[in-house]
Amino acid sequence: IEITETEKLYVEQVNILGNDITQENVIRDALEVDEGDPFNELLHAKSLNNLKAKNIFKTVESDVLDGSDLNKKIININVVEKPTGEIMLGAGVGSSGGTIGFSVSENNFMGQGIKLSTSLRITEDTIRGNFTTTTPNYKYSGKSLTTNIQSDVVDKMADSGYEATKTGFSLGTSVEQYEDLFFTPQFSTYYEHLVTDVTASDNLKKQAGDYFETAFSYNIDYDKRNQTWQTSEGFRSKFTQSIPLVSDNWAILNGYDYTKWIDFDNDLITKIDFYGRAKNSLTGDDVRVSERLHIPSKKLKGFVSHSIGPVDADDYIGGNFATAFNFSTTIPMLLESIETADIKFFLDAANLWGVDYDESLGQSSYIRSSIGISANIFTAIGPLSMTIAQPITKVDTDKTETFSFRLGTSF
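Residues numbered from 1 in each chain as written. Predicted model: local features only at pLDDT ≥ 70, side-chain atom pairs only at ≥ 80, totals over all residues. Heavy atoms only, no water.

Participant: Could you give an account of the overall build of the protein, with specific residues and numbers?
Facilitator: Secondary structure assignment for the protein yields 4 helices and 21 strands. In summary, the protein has a C-alpha radius of gyration of 24 Å against a globular reference of 22 Å for 411 residues, a match within 12%. Counting all 411 residues of the protein, 41% fall into the buried class. Long-range contacts, defined here as pairs at least 24 residues apart, represent 54% of the contacts in the protein between residues at least 6 apart. Of the roughly 22000 Å² that the protein leaves accessible, carbon and sulfur atoms contribute 56%. (Helix = DSSP H or I, 4+ residues; strand = E, 2+ residues; numbered from the N terminus. Rg over C-alpha atoms; globule rule 2.2 N^0.38 Å. Buried < 20%, exposed > 50% of the residue type's maximum accessible area, 1.4 Å probe, protein only. Contact = heavy atoms within 4.5 Å. Areas by Shrake-Rupley, 256 points an atom, 1.4 Å probe, with all protein chains shown as cover.)

Participant: So what's going on with a nonpolar patch on the surface? Which residues, and what values?
Facilitator: Taken together, the side chains of Ile87, Leu89, Ile100, Phe102, Leu120, Ile122 and Ile127 define a hydrophobic patch exposed on the protein surface, amounting to about 560 Å² of accessible area. Going through the elements one at a time, β4 (85-94), β5 (97-109) and β6 (114-122) are the ones with two or more residues in the nonpolar patch. The exposure class of Ile87 is partly exposed, given its relative accessible area of 34%. (Patch = residues over 30% accessible without salt bridge, like charges linked within 9 Å, V, L, I, M, F, W, Y side chains within 5 Å. Salt bridge = Lys/Arg side-chain N within 4 Å of Asp/Glu carboxyl O.)

Participant: Any chance you could break down the packing of aromatic side chains for me, citing the residues and the numbers?
Facilitator: According to the stated counting rule, one finds 7 aromatic pairs in the structure shown. Ring geometry for Tyr218 and Phe239: centres 6.2 Å apart, planes at 55°, overall tilted. Here Tyr218, found in strand β11 (residues 209-223), pairs with Phe239, found in strand β12 (residues 234-246); they are 21 residues apart in sequence, far enough to count as distant. Exposure remark for Tyr218: the relative accessible area of 15% places this residue in the buried category. Look at Phe239 and you get partly exposed, because its relative accessible area is 31%. Taking the centre distance of 5.9 Å and the plane angle of 25° together, the rings of Phe235 and Tyr258 count as stacked. One end of the pair, Phe235, is in strand β12; the other, Tyr258, is in strand β13 (residues 251-264), and 23 residues separate them in sequence. Here the aromatic cluster, defined as three or more aromatic residues joined through ring pairs, consists of Phe183, Phe187, Phe216, Tyr218 and Phe239. In this arrangement the basic side chain of Lys166 is found over the ring face of Tyr190, its NZ or CZ atom lying 5.0 Å from the centre. Across from the ring centre of Phe346, 4.5 Å away, lies the NZ or CZ of Lys301, which sits over that ring. (Phe/Tyr/Trp six-rings, centres within 6.5 Å; stacked < 30°, edge-to-face > 60°. Lys NZ or Arg CZ within 6 Å of the ring centre and 35° of its normal.)

Participant: Explain unusual backbone geometry to me, and be specific about the residues and the numbers.
Facilitator: We note that Met110 has phi near 60°; this positive angle belongs to a residue other than glycine. For Met110, the location among the structural elements is in the loop between β5 and β6. We classify Met110 as exposed; its relative accessible area is 58%. If you check the backbone angles, Gln230 has positive phi at about 55° while not being a glycine. For Gln230, the position within the fold is in the loop between β11 and β12.

Participant: Would you mind going over the pairing of strand β18 (residues 341-353) in detail, with residue names and values included?
Facilitator: Two faces belong to every sheet, and in a regular strand the side chains alternate between them. Bridge analysis of strand β17 (residues 321-330) against β18 gives 10 bridges, and the strand direction is antiparallel. Within β18, the position partnered with Ala322 by the bridge is Leu352. Across 10 bridges, the pairing between β18 and strand β19 (residues 368-378) is antiparallel. From the neighbouring strand, Asp348 faces β19, where its bridge partner is Ser370. (Pairing = 2+ DSSP bridges.)

Participant: Just give me the short version of the pattern of salt bridges, but keep the residues and values in it.
Facilitator: Counted under the stated rule, the structure contains 19 salt bridges. Measuring nitrogen to oxygen at the nearest pair gives 2.8 Å for the salt bridge that ties Lys73 to Asp66. Judged by relative accessible area, which is 59%, Asp66 ranks as exposed. The salt bridge partner of Glu291 is Arg288, with a shortest N-O separation of 3.6 Å. Judged by relative accessible area, Glu291 falls into the buried class, the value being 9%. Overall, the relative accessible area of 4% leaves Arg288 in the buried class. Several salt bridges converge on common partners, so that one network encompasses Lys166, Glu192, Lys279, Arg288 and Glu291.

Dropping the structure here:
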């Protein structure tokens, strides 16, 4: 074994070409190797992947040329911009009617890399809307700034005898504390108005009133993915906690997420994901019905969101504990014939249980599972995402959703 020192190369100049709308600093902020740094091919490849992950360029290419000296290199980065605004319309069809959703987003507002998004989701008894902004490298601090304004209205007077209105906002940031270790703190403030009528259960009647809550939440994210865009190998481990600072309920949230990517011969990419959450009151009180846990729709496809788990007076009240397992893999034989599609086979399993105010309701603990195919297809008018799922295990009270889609267009 012969160990020798390789020739040291340095970046003499980085030229950005093709950015007619995007400001140059947005591109340079994503570079791992800049002018004056030692040239590293791996870090240079990571820089290009960071730019692709922004989803504001159609193509990102580079040329590495000889500089003024033998040990210097000139990097030319060529980008082709694309429309970064998007309008999406989504719908789902299942065993108990349908759902509809609408969203508008912009990934490169004013050419500054600022992300804006607003969404509206309507079901039979729920209206949820929010507006979110994310500013990367806020005031050149190297940290992002995220703000969110949200309003939810849940009207279940006819079925369960209550109506809840929740409005508030949150403010957060993200910091790479150490290499690949990110700390994401957030402060949130919400006001909720919960009313009941004579048909509501006794436990719900006790929760009626006005609530004001301010909480501090944070994520500790250990990100060892090989690349953020089209990840094929590595893992991501994240711990989540939300602590009430000013509250009438004092419910604390603890959660953990783990995702592993495995690449088999650069052709078959498998993703395994674990999701777990627990929410309980620090003072021993009952967790408010609007604060209880539900399984996110992307963690359990084939079922209507907020329509599984413990049921009280025909109302899906959520649980104190939630867990989910997801397995997905690409289907190479289909990808070879459809170049503009990303098609995956998936297997989902989840459970939602625990009712602090009535232990008998918690006996509905049962593993729900589904199997199916999801596809992301780039059509002439915009991206099309659809899911076909078949529930494997369920209970009679669950609402299923065998088909869902989202169709968008760019501007």
